[in-house]
Amino acid sequence: MAAADSPSAALRRRDLCSRGIRLAGKMRSDVVDLLDTYVERQGLDASASVAAVEGVPAAAVERWDEQTGTQRLLENLAAYRAFRVLLSQMLEEHREQLGEADATLGRALASVLLQVSAFAYHLEELLRLESRGPPSEEGAPPPPAPHLGLFERKLRGLGVLRELAQWAVRSARDLRQLTKPSPGSGSVPSRAESP
Amino acid sequence: MFSGWNWVAHGLYLLLNFCSLEVSGGLVQSCGHIIPESPVLALGSNFTALCILNESCLDFGNIYANQIIWKIKNRVVPKEQYREINRTVSSVTFNDTSSLATPLTCNILADGQIEQNIYGIAVTIGLPPEKPKNLSCIVHQVLKLTYPMTCTWNPGRHTFLDTHFRLKYRWPQENFPDCIPKDVNNSCTIPDVQFFVNLEVWVEAANALGKAESDPLVLDPIEIVKPLPPHNLSVNSGILPTVLKLAWENRISGALMKLKFNIRYRTIGDTNWMQVPPEDTASPRTSFSVQGLRPYTEYVFSIRCMKEDGVGYWSDWSEEKTGVTTEDKPSKGPPIWRIIDASRSPAFWTVHLMWKALEPFEANGIILQYEVTVRAKSSLSSPPEKYDVNTTNLTLKLPNGTYEVTLIARNRVGASPPSVLLIPATNSKAPVKNVRTLPKDGKLWVGWTAPNSYVLKYVIEWCLVSNSSDCIIEWQNEPGNVQGTYLKGDIKPFKCYLITVYSLYADGQGSGQSVKAYLQQDRPSKGPTVQTKKVGKAEAVLTWNHLTVDEQNGFIRSYTIFYKTVDGNETAVTVDPSKTEYTLSSLTSDTLYTVRMMAYTDEGGRSGPDFTFTTQKFGKGEIEAIVVPVCLAFLLIVLLGVLFCFNKRDLIKKHIWPIVPDPSKSNIAQWSPQVPAKHNFSSKDQMYPEGSFTDVSVVEIEADDKKSFSEQDLKPFDLLKKEKSTSEGHSSGIGGSSCMSSPRQSVSDSDEGETTQNTSSTVQYSTVVLNGYRDQTPVQVFSRSESTQPLLDSEERSEDHSGGADGTSQRQQYFKQNGGQDETNTDRPCFERTKQITPTNEGDLVGFAQLQISGQSSQLLGLGLQKNTQEAALPDVLQTSIEGQTVRPETVEGNPPSVDEMPKSYLPQTVRQGGYMPQ
């Protein structure tokens, strides 16, 4: 907590939130673009409905505004760690499937994967500033890759990207919520300031 | 001893053979090796190498460490650096590796003093890498989603070794593969970077001698982005003529960064950009309306962007796009001026109105028409006259007077404000003063002193003065508050411009004040051609023509005349440029001078052609001063001579021109009893037919040989006779006797006869003695004179006595001598003159018969003389032919002299006509 009390910690937190918001925005923008590319390259229908991806917390949540900052950060971190694993699997599957033939999609997937990792880093840093630190990843082992067919993998990839796009929106809202000084919101600063 | 050396050499030979066999057998086994093997050493460090001999070699060839010689290339390392560690190991130490080189060899000096290489190593010397400095990175946006990051650094000093650089970067929780530079050692580009996460970047340099890392650079790549410029820029004209609307597309996502912009613009043809105030475009946008533009003007726009907060880099400028604002009314009336030609008619002016087309920024569109209104101020009753003109000039013929001219330019949108020009009847207002010019910055500045009264504006007229073209007037307006301006036109250097400044008032105009000026002067293109107008003994008047204005190239400041003689120094005289004539003085007479002339402007001079002239030998009046006195002196001498001769005429006549008595007037005729008195002679006409003439022949007889003439003596006569034969027979030959004397004895004056005899004894003359002389009876006596020359004595004497004969005009004594070819010419006038006199003296005519005497018979002379004497008495014409020669008697007219006038002696007389040649 000592770090959170210092002005530099506050600045650091604000900076992390600010850049996290922008990163989420960029991530969403890129994921939207990637979705178009992915649908096109994988020969999918953009309007195809996809079932919820296993292992990824749903972005939609009830009583969102009642969540505390830490809770928000933890949910976000869990989601992005899951996305990181899923995207890595997708990238690996893409490389296995197409090799270097479709470098554009591969680069876009890698870029989104990096952004997911970067955002997870932001969340971890914010949680460190919360003086509790991020939970270890060993506690939440990545779900094993299911044995799916090719089409199913494509649909699953589509579901991952759609969910990621929704999470990008939610994450931006969560971080904005964290930057608000309102004590009722359960923001980190208010809690940090409490004894 | 010899056998011992031989044994050593043989042993060494065997050793070498053994070693070579080892090598040739594929097993490389040397007698030793060096530690370390191929070291890489830092420059300047110390280094120790060991050479270790194999035990086998020791036993076989008696080779020990104390025999080792270290060499660098072929240079032996000083033995002070050696150290024998044991019998098989020798070391060498270098305190500074800079003295090392490759290879470093270990050699053995065998007993036979033969040096054998044992082993060698390659030494590499270099430097460890320095810490890379000045690491900086920039993210270039190359595509919409591609952001490579390029980092550059200073690699440091040259290491002389193969040094590898690596750009390392990582997130706190994630490492990325290193960026390895290709072909360079100071930059590397990371293909794609992620934003909003701090990235730690550093450079690692490594070589065989070590490794160094730069200071890490921690940054969010979003802060170092140089975005792509906006694209698809479009320019559209708005509703207002001063507004253009720009629109564009940004190529960087708004989610990535918010942008701010710079917009620049310029008019077509202008190179200077103007910029929209940055604060107006400091927020994200994709369009902007640029205001404050000029109507109907084409603009060029360009735009760039960067991160809104100013962190990062500006993008490049976008492609340029143009747009044109819409038209507006002309903002001002065209400048107008006039040229008045009053020379054609005293009562009317020819007014050339001219105006300048509006500048584009004033016209605000396409000028469709000009409207000119001319209003006579003097007669208010007359309505103004309007003219619609499409050109920029109008010529009107107007009665003298004051006029107000109004001009309006009109385009599609509307009309301009009117321009008004007052044309007064006379330019009676105060003019400007002190008009002056000054070339400055390649332009010609004109200045003037303003009049005291308020001036509405000034008009500056100028034209190029040239011989080859007319003065085409250009002009410009200047506001009334200035006193100088640059001429707005194509002012050429080396050309003369006539500049006139007019002051214009609200109610009149001042007269123009002019000045000539050059933008830039040069030397004249040619020099004056000098000539002489007049050349004297010591001076010469030179004349020349002024250079034409096209030849001057500037203001002629002076002329310089250079003149010199052929071998003399050149003399220069400076002459005022207004002169066209100059007198060179103090010249040397009768000398060739070369003269040339230079015309000078401010920039220098140029010489004209040489001209040569020669001064006169005599000055003006000198010849007169010499000739006139000489002539006067000559005239005086002549006059004196004449006077002298006049005074001494008698003496002269006596000596030069003795009087030859006229035989026809001889008293002998009277004396002869058969001859009637002289007044009984018939007239010439009666005696001789016209055209006949009686020649008189004179017989010269040697006094010493009176009786007989030798043939020699007669030769001259023969010659004369021959000459006579070629003539027409009119003249008598010398030597012939033509006396009218009868054979009777002549009576001579005794006194005269004595005188002649005293003076000469060679020539005898017949002497006619006038008996009437000295109060004697006027009986003509013809006697042969025994006297020889001088005749002058006789003549002088006779002249003395017959002076009255000269004064008697009626009397003509005609003594014809053989004059050669002149005879025919001289005879006739005499003859004619004689004829005129004839009527009054017919009775005095005496005919003479001329006797041509052949030189062959001198004796016939006497006979001839007698015969002739007889025949002479005959009144008729007598023609006698002797030896084929025709002797024609000729008549001589004349008054028979009186007794007193008759000459005493028979001497030649002066005959005014026909000439006389003394014998």
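Residues numbered from 1 in each chain as written. Chains lettered and ligands numbered in written order. Predicted model: local features only at pLDDT ≥ 70, side-chain atom pairs only at ≥ 80, totals over all residues. Heavy atoms only, no water.

- As recorded in an unreviewed UniProt entry, chain B goes by Interleukin-6 receptor subunit beta and comes from Alca torda.
- As recorded by UniProt, the Sequence similarities (unreviewed entry) comment attached to chain B reads in full: "Belongs to the type I cytokine receptor family. Type 2 subfamily."
- Under the Subcellular location (unreviewed entry) heading, UniProt states for chain B: "Cell membrane". (UniProt positions renumbered as here; feature names shortened; annotations may be inferred.)

- The name an unreviewed UniProt entry assigns to chain A is Ciliary neurotrophic factor, from the organism Alca torda.
- Listed in UniProt under the heading Sequence similarities (unreviewed entry), the comment for chain A reads: "Belongs to the CNTF family."
- Reading the Function (unreviewed entry) entry of the UniProt record for chain A gives the comment "CNTF is a survival factor for various neuronal cell types. Seems to prevent the degeneration of motor axons after axotomy."

**Quick word on the state of the cysteines**
Residues and elements named next belong to chain B.
Turning to step 1, where the next piece is worked out: Counted according to the given criterion, the structure contains four disulfides over all chains.
Turning to step 2, where the next piece is worked out: Between Cys 179 and Cys 188 runs a disulfide, and the two sulfur atoms are separated by 1.7 Å. Judged by the sign of its S-S torsion, about -90°, the bond between Cys 179 and Cys 188 is left-handed.
Turning to step 3, where the next piece is worked out: A relative accessible area of 8% means that Cys 179 is categorised as buried.
Turning to step 4, where the next piece is worked out: Note on cysteine connectivity: Cys 463 is disulfide-linked to Cys 471, with sulfurs 1.5 Å apart. (Disulfide = S-S within 2.5 Å. Buried < 20%, exposed > 50% of the residue type's maximum accessible area, 1.4 Å probe, protein only.)

**Focus on the packing of aromatic side chains**
Turning to step 1, where the next piece is worked out: A complete count under the given rule lists 19 aromatic pairs over all chains for this structure.
Turning to step 2, where the next piece is worked out: Where Phe 195 of chain B meets Phe 196 of chain B, the ring centres are 6.4 Å apart and the plane angle is 65°; that geometry is what we call edge-to-face. Here Phe 195 of chain B matches Phe 196 of chain B in class, with each residue buried.
Turning to step 3, where the next piece is worked out: Measuring from ring centre to ring centre gives 4.8 Å for Trp 448 of chain B and Tyr 458 of chain B, while their planes differ by 55°; the resulting arrangement is tilted. Here the residue Trp 448 of chain B occupies a position in strand S35 (residues 443–449), and Tyr 458 of chain B occupies one in strand S36 (residues 457–465), the gap between them amounting to 10 residues.
Turning to step 4, where the next piece is worked out: Among the aromatic residues, those joined into a ring-pair cluster are Tyr 80, Phe 83, Phe 119 and Trp 167 of chain A.
Turning to step 5, where the next piece is worked out: Over the ring of Tyr 486 of chain B we find Lys 443 of chain B; its NZ or CZ atom is 4.5 Å from the centre of that ring.
Turning to step 6, where the next piece is worked out: Stacked on the ring of Phe 562 of chain B, the Lys or Arg Arg 596 of chain B has its end atom at 4.5 Å from the ring centre. (Phe/Tyr/Trp six-rings, centres within 6.5 Å; stacked < 30°, edge-to-face > 60°. Helix = DSSP H or I, 4+ residues; strand = E, 2+ residues; numbered from the N terminus. Lys NZ or Arg CZ within 6 Å of the ring centre and 35° of its normal.)

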